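Close look at the chain arrangement
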Amino acid sequence: MDCTLNENPWRDLEEKIQKEKPDVVGITVICTAFIYDGMNAANLIKVANPKTIIIMGGEHPSFMAEETLRDCPAIDYICVGEGEVTLTEFLRAVEKKEDLSKVLGLAYLDERGKFVYTGDRPFIEDLDSLPIPAYNLAKMEHPFVTLPSEGKRGLVINFSRGCLWDCTFCSESAFYKKTWRRRSPKLIADELQLLKEKYNRDIFYVGDNTFNVTREQGIGFIEEMLKRKTDQHFWLQSRADLILRDEDLLDGYREAGVYQFMMGLEYHSDAVLKDIKKRHTVEQAIKAMKLLKKHKLMVMATLLIGHWNETEKDRNDFFKFFGKYVDHFGLNLITPLPGTPLFYQMKEMGRIKDWDYRNYDYLHAVMSAKEVEDLEQLNLIYRDIMRRYYWRPREMLKIFSPNPILRHHHRYYITQVAFNIMMHEIFGTPIWVQPNYQEYKDYLVERGEGLPKELMAWAK
Ligand code: B12
Ligand code: SF4
């Protein structure tokens, strides 16, 4: 059940549990910022059917297993790390009433409340051993199963896991312990072809952290896509140094349908890049941006502000610096995501000022900077940079760009995103939510009469 698509997510979930009384429910939490939604779902399920066993998975509960279990007693187990094999073994053991302490990758509290971790589950060696996701079970026709910034025929997709680098703020590198595995280009092309033929999808944000870790992966992808002629379009993610390494492949990428590379360029100072262990230089970043332009590929940069030593001048220069080259950017506030080296570093230094995980979404400051202690002030600075960036004539003109992707993207950002930010500022509504999102507490109020006491008491 993908509650993010239900018109009444909490009510539909509660009714489904009451009706079907499932033996086991698995809950996924994809972002730290959603951990309380996951906990609330667990509470709702436990009260609706106390016999249901609840297992939760995802990065945040994996990293913070003990804290999560203690914070939400409705959760019985946490799957630490990759889920495919652990969940299968877990379900078999539950069914046969076998000893769950033998299932690797599980965390739980025993009868005496002692935290138990059964040990690391080795990563799946060959991602090709996994089948194509069961798209037939997803609501592919639902208007939310798309990519708003790229249009209705868009979709997010994933072909690899992990990354070989170790940027201090990166939860992906921490989750996959600095390893990288990928599906082979033939299987990637099979999946893409299926998505085109059966679901009419031809524009993809490829969520792989670093698509071209090896040149072979890029070459294989280009060859397969040129052979299949599916006329599909891709927005890939990479690193500046890898773009430079693969300069000779850039035309091939474009011909294979790639229209944009997104790179985590983060900042315009080598000292900051060194501090966050980005392991490339500002000079490489500039070269990579110019190279992409030369090969008629769009440049998207993800950037991080809010560093400890950052000055006002840095922020102004930053804006001038990146404004020159990028087609569009993702501006983020540096966030110590639990599980990352940055998190442990900042926690030890006492720099984390906000422990409400709802704000750990890269859009809210949770750590102060040396010059700006007040988090609200940092939030204002962040929004001000966004505003100044998008309201420049150069950006506004992009809404009339002859490039349909750039045009759509900017219309989307300037209308939808700017509108959401404005609503957030005036009414405090969460920024990244769909129209059907309902705060859990609002649902409990709506439930009103006869509400089990523990539900209100447990609400996060
Ligand atoms: C696709 C994606 C998106 C999409 C769609 C999100 C969605 N709602 O589905 C879009 C582009 C909209 C998006 C937006 C955001 N995203 Co995003 N996104 C991703 C991405 C690229 C892939 C996620 C994915 O599907 N992975 C594939 C699955 C198979 O992996 P997985 O979720 O980890 O699951 C495995 C295990 O964790 C485990 N598991 C997971 N759940 C369960 C449950 C059970 C029961 C079990 C047993 C096991 C289990 O098993 C799985 C298979 O092994 C990841 C990065 C990445 N490469 O993973 C970032 C990522 C999840 N996003 C992230 C963030 C921060 C966001 C935003 C908040 C960014 C922003 N400021 O706007 C928004 C939130 C928007 C929203 N409302 O969802 C972060 C989360 C970091 C964190 N720890 O908090 C990630 C990890 C990227 C990063 N490192 O920065 N995102
Ligand atoms: S290069 Fe990107 S994916 Fe890899 S560790 Fe750094 S931030 Fe994470």
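Our subject is the structure listed above.
Residues numbered from 1 in each chain as written. Chains lettered and ligands numbered in written order. Predicted model: local features only at pLDDT ≥ 70, side-chain atom pairs only at ≥ 80, totals over all residues. Heavy atoms only, no water.

1. So, the overall build of the protein chain
Broken down by element type, the protein chain carries 19 helices and 13 strands. In terms of overall size, the protein chain behaves like a compact globule, its C-alpha atoms giving a radius of gyration of 23 Å where 460 residues would be expected to give roughly 23 Å. When the backbone C-alpha atoms are referred to their principal axes, the protein chain occupies close to 60 × 55 × 40 Å. When the 460 residues of the protein chain are sorted by exposure, 54% land in the buried category. Long-range contacts, defined as pairs at least 24 residues apart, comprise 69% of the intrachain contacts of the protein chain with a sequence gap of at least 6. For the protein chain, the accessible area works out to roughly 22,400 Å², and carbon and sulfur atoms hold 55% of it. (Helix = DSSP H or I, 4+ residues; strand = E, 2+ residues; numbered from the N terminus. Rg over C-alpha atoms; globule rule 2.2 N^0.38 Å. Buried < 20%, exposed > 50% of the residue type's maximum accessible area, 1.4 Å probe, protein only. Contact = heavy atoms within 4.5 Å. Areas by Shrake-Rupley, 256 points an atom, 1.4 Å probe, with all protein chains shown as cover.)

2. A look at the sheet that holds strand S11 (residues 258-266)
The six strands lie next to each other as S6-S9-S10-S11-S12-S13, forming an open sheet whose pairing is parallel. Unpaired on one side and paired on the other, strand S6 (154-157) and strand S13 (328-333) mark the two borders of the sheet. Taken pair by pair, the neighbouring strands of this sheet meet at an average axis angle of 20°, ignoring direction. Relative to strand S9 (residues 203-206), S6 is paired through four bridges, and the arrangement is parallel. Bridging from a neighbouring strand, Ile157 pairs with Val206 of S9. Strands S11 and strand S12 (298-305) of the sheet are contacted by helix H12 (residues 282-294), whose axis makes an angle of about 170° with S11. This element, helix H15 (residues 375-390), spans S12 and S13 of the sheet and lies at about 175° to S13. (Pairing = 2+ DSSP bridges. Axes fitted to C-alpha atoms, helices over the stretch in contact; angles between N-to-C directions.)

3. Points about the site of ligand 2
Around ligand 2, the surrounding shell consists of Cys163, Trp165, Asp166, Cys167, Phe169, Cys170, Ser173, Asn209, Arg239 and Lys278. When the residues that make up the shell around ligand 2 are grouped by side-chain class, the tally is five nonpolar, two polar and three charged. (Near = heavy atom within 4 Å. Nonpolar A, V, L, I, M, F, W, Y, C, P; charged D, E, K, R; others polar.)

4. A closer look at the side chain of Asp202
For Asp202, the position within the fold is in the loop between helix H7 (185-199) and S9. Take Asp202: its relative accessible area is 8%, and that puts it in the buried class. Here Arg153 takes part through its side chain, which lies 2.7 Å from a polar atom of the side chain of Asp202. (Polar contact = N/O pair within 3.5 Å; in protein donor to acceptor, adjacent residues only side chain to side chain.)

5. Brief notes about unusual backbone geometry
In this model, Lys97 sits at a positive phi of 55°, which is unusual for a non-glycine residue. Relative to the helices and strands, Lys97 is located in the loop between helix H5 (84-95) and strand S4 (106-109). Since its relative accessible area comes to 75%, Lys97 is described here as exposed. For Arg279, which is not glycine, the phi torsion reads 65° and is therefore positive. Of note, Arg279 is situated in the loop between helix H11 (270-275) and H12.

6. Examining the sheet that holds strand S3 (residues 77-79)
Ordered in space as S1-S2-S3-S4-S5, the five strands form an open sheet in which the pairing is mixed. In this open sheet, the two edge strands, each paired with only one partner strand, are strand S1 (24-28) and strand S5 (115-117). Strand-to-strand twist in this sheet, taken as the mean axis angle between neighbours without regard to direction, amounts to 20°. Relative to S4, S3 runs antiparallel, the two sharing two bridges. Looking at S4, one finds that Ile78 is bridged to Ala107. Against the sheet, helix H2 (residues 35-48) makes contact with S1 and strand S2 (53-57), and its axis sits at roughly 170° relative to S2, the strand it touches most.

7. Brief notes about the packing of aromatic side chains
Enumeration over the complete set of coordinates arrives at 19 aromatic pairs. Members of the aromatic cluster, connected to one another through ring pairs, are Phe63, Phe123, Phe175 and Tyr176. The ring of Trp308 carries Arg351 above its face, with NZ or CZ at 3.8 Å from the centroid. Seen from the ring of Tyr389, Arg392 lies directly overhead, with NZ or CZ sitting 4.8 Å from the centre. (Phe/Tyr/Trp six-rings, centres within 6.5 Å; stacked < 30°, edge-to-face > 60°. Lys NZ or Arg CZ within 6 Å of the ring centre and 35° of its normal.)

8. Re the environment of Glu111
If you trace the backbone, Glu111 turns up in the loop between S4 and S5. Residue Glu111 is classed as exposed on the basis of its relative accessible area of 78%. Through-space distance from the C-alpha of Glu111 to that of His233 is 53 Å; in sequence the pair is 122 residues apart.

9. Observations concerning a nonpolar patch on the surface
Taken together, the side chains of Phe419, Met422, Ile426 and Phe427 define a hydrophobic patch exposed on the protein surface, amounting to about 450 Å² of accessible area. You can see Met422 is positioned in helix H17 (residues 404-427). Overall, the relative accessible area of 43% leaves Met422 in the partly exposed class. (Patch = residues over 30% accessible without salt bridge, like charges linked within 9 Å, V, L, I, M, F, W, Y side chains within 5 Å. Salt bridge = Lys/Arg side-chain N within 4 Å of Asp/Glu carboxyl O.)

Keep in mind these numbers describe shape, not what the thing actually does.
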